[in-house]
Amino acid sequence: YLRQTTRIARHPLYEAAVVSFLSASATYLSTFLRMDTTDLLAALYSDCKYETNATVDQLCVESDASNIIIFLLACALIKFILTIFGPNTIVPGGHMVPSMAVGACLGRVFGFCLSLVQERVGDVGFFAECAGHDPCITPGVYAIIGSAAMLSAVSRMTVSLVVIIFELTDGIDYIMP
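Residues numbered from 1 in each chain as written. Predicted model: local features only at pLDDT ≥ 70, side-chain atom pairs only at ≥ 80, totals over all residues. Heavy atoms only, no water.

Student: Mind laying out the environment of P87, listing which residues take part and the relevant values?
Tutor: Its place among the elements puts P87 in the loop between helix 6 (65-85) and helix 7 (96-121). Relative accessible area serves as the criterion here: at 36%, P87 is assigned to the partly exposed category. When sequence neighbours within four positions are dropped, the list of residues in contact with P87 reads G93, G94 and H95. (Helix = DSSP H or I, 4+ residues; strand = E, 2+ residues; numbered from the N terminus. Buried < 20%, exposed > 50% of the residue type's maximum accessible area, 1.4 Å probe, protein only. Contact = heavy atoms within 4.5 Å.)

Structure follows, in structure tokens:
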């Protein structure tokens, strides 16, 4: 309706320029948003223990937990809003990879919060099986699960999603129950 009743229908270049300007303005706020989405997914999926990357190091600083959580939630919200409007404009854009990024951000936040709780509480109660091990909560795994859940919700695919996540992570440990 908006395209038919406004000047956008006659001048699609205006729509492309406005969408590009708004998208660039919104994504310049955070380093997580400025990254390519596939690089962001790789950083969110990574394990803090084995990766040495500047972006991964930003995600792993436990003393800066509140800022990491706020930035990841803001990243998820902005990417969610841009994913809603993106495929409906003249600028080409999909919904699969951005929805995976939204789910990965939310999953990483959940995993990071759970690892902070496990570190504060120790090896009692729910975390009793973790006694004597390295931290048994890996936020990257929760990011993988979050991105798979979001992609499944958006695209309504189930079996093929298992194959996609298997190919993406290159590990069957996350697929088999």
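Student: Kindly report on the nonpolar core, identifying the contributing residues and their values.
Tutor: Grouped together as the largest cluster of nonpolar side chains are 32 residues, with contacts concentrated most on L40, L44, Y45, L59, L72 and C105. Every element with two or more residues in this core is listed here: helix 3 (31-34), helix 4 (37-45), helix 5 (54-59), helix 6, helix 7 and helix 8 (139-155). Among the elements that take part in this core, helix 7 stands out by supplying 8 residues, more than any other. (Core = buried A, V, L, I, M, F, W, Y, C linked by side-chain atoms within 4.5 Å.)

Student: Kindly report on the packing of helix 4 against helix 7, identifying the contributing residues and their values.
Tutor: Taken N-terminus to C-terminus, the directions of helix 4 and helix 7 make an angle of 25°; their axes are 10 Å apart at the nearest point. Here helix 7 runs roughly parallel to helix 4, going by the angle between their axes. Handedness of the helix 4/helix 7 crossing: left-handed. Packed against helix 4, whose contacting residues are T37, L40, L41, A43, L44 and Y45, the element helix 7 presents V97, M100, A101, A104, C105 and R108 at the interface. By residue class, the composition of the contact of helix 4 with helix 7 is 10 nonpolar, 1 polar and 1 charged. (Axes fitted to C-alpha atoms, helices over the stretch in contact; angles between N-to-C directions. Parallel < 35°, antiparallel > 145°, perpendicular 65-115°, else oblique. Left-handed = near helix turned anticlockwise from the far one by under 90°. Nonpolar A, V, L, I, M, F, W, Y, C, P; charged D, E, K, R; others polar.)

Student: Kindly report on the pattern of salt bridges, identifying the contributing residues and their values.
Tutor: Should the charged atoms of two oppositely charged side chains come close, the side chains can pair. This model, assessed by the stated rule, comprises 1 salt bridge. The shortest N-O distance in the salt bridge between R120 and E119 comes to 3.3 Å. (Salt bridge = Lys/Arg side-chain N within 4 Å of Asp/Glu carboxyl O.)

Student: For the packing of helix 6 against helix 7, give the residues involved together with the corresponding values.
Tutor: Orientation of helix 6 relative to helix 7, taken along the N-to-C sense of each, is 160°, at an axis distance of 8 Å. Between helix 6 and helix 7, the angle is such that the two are roughly antiparallel. Regarding helix 6 and helix 7, the two cross each other, and that crossing is left-handed. Every residue of helix 7 that contacts helix 6 at A65, I68, I69, L72, L73, C75, A76, K79, F80 and T83 is listed here: P98, S99, A101, V102, C105, L106, R108, V109, F112, C113 and L116. Residues that form the contact of helix 6 with helix 7 fall into these classes: 17 nonpolar, 2 polar and 2 charged.

No statement about biological role is implied by the geometric values presented.
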